[in-house]
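What the coordinates show
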Amino acid sequence: MKTSGRCPKCGSKRVVRVPDQARRHASGNNIYVTTLTLAGKIPVIRYVCADCGFVEEWVETAAEREKIRRAFG
Ligand SMILES: [Zn+2]
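Now for a look at the structure at hand. (Residues numbered from 1 in each chain as written. Predicted model: local features only at pLDDT ≥ 70, side-chain atom pairs only at ≥ 80, totals over all residues.)

1. Points about the overall build of the protein
Quick reminder of the rule: In DSSP terms, a helix is any run of H or I states spanning at least four residues, a strand is any run of E spanning at least two, and both are numbered starting from the N terminus. Three exposure classes are used, based on other C-beta atoms lying within 10 Å of a residue's own C-beta, which is placed from the backbone: buried for 20 or more, exposed for 12 or fewer, and partly exposed in between. By the criterion used throughout, residues are in contact when their C-beta atoms, derived from the backbone, lie within 7 Å.
Looking only at helices and strands, the protein features one helix and five strands. N-terminal to C-terminal, the α/β element order of the protein is β-β-β-β-β-α. By the burial criterion, 3% of the 73 residues in the protein qualify as buried. A separation of at least 24 residues holds for 49% of the contacts in the protein among residues at least 6 apart in sequence.

2. Points about the sheet that holds strand S4 (residues 45-49)
For clarity, the cut-off: By definition, two strands form a pair when at least two bridges between them are found by DSSP. Here an angle of 0 to 180 degrees is reported between the N-to-C directions of two axes, which are lines fitted to C-alpha atoms, with helices fitted over the stretch in contact.
Overall, antiparallel pairing links the three strands, which are arranged S1-S4-S5 in an open sheet. Strands with a single pairing partner mark the edges of an open sheet, and in this sheet they are strand S1 (15-18) and strand S5 (55-58). Strand-to-strand, the axes of this sheet are offset by a mean angle of 20 degrees, without reference to chain direction.

3. Quick look at the pairing of S4
In this structure, S1 lies alongside S4, joined through four bridges in antiparallel fashion. Residue Val16 lies in a different strand from S4, and its bridge partner there is Val48. Bridge analysis of S4 against S5 gives four bridges, and the strand direction is antiparallel. When the sheet's bridge partners are listed, Ile45 is paired in S5 with Trp58.

4. Points about the environment of Arg70
Along the polypeptide, Arg70 turns up in helix H1 (residues 62-72). Spatially, the C-alpha atoms of Arg70 and Val33 are 8.5 Å apart, while their sequence positions differ by 37 residues.

5. A look at the environment of Glu60
Structurally, the position occupied by Glu60 is in the loop between S5 and H1. Residues Glu60 and Pro43, 17 residues apart in the sequence, show an inter-C-alpha distance of 8.3 Å.

Written out as structure tokens, the structure reads:
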């Protein structure tokens, strides 16, 4: 969906990218690699199909993925 721009469930092309909200500290959608506030916060970007509501989630940068690998891998 992120790369194709098309919903894999219904085939719609009305896919919306929903970024992490930096101001919303308590977002439940982030991954935390440390318990120390924002330093270990990895934003998870969502892609939402505007037609059927299917949601796909991505950690977008390699640096962020590496942090997760070190914390959990
Ligand atoms: Zn869809």
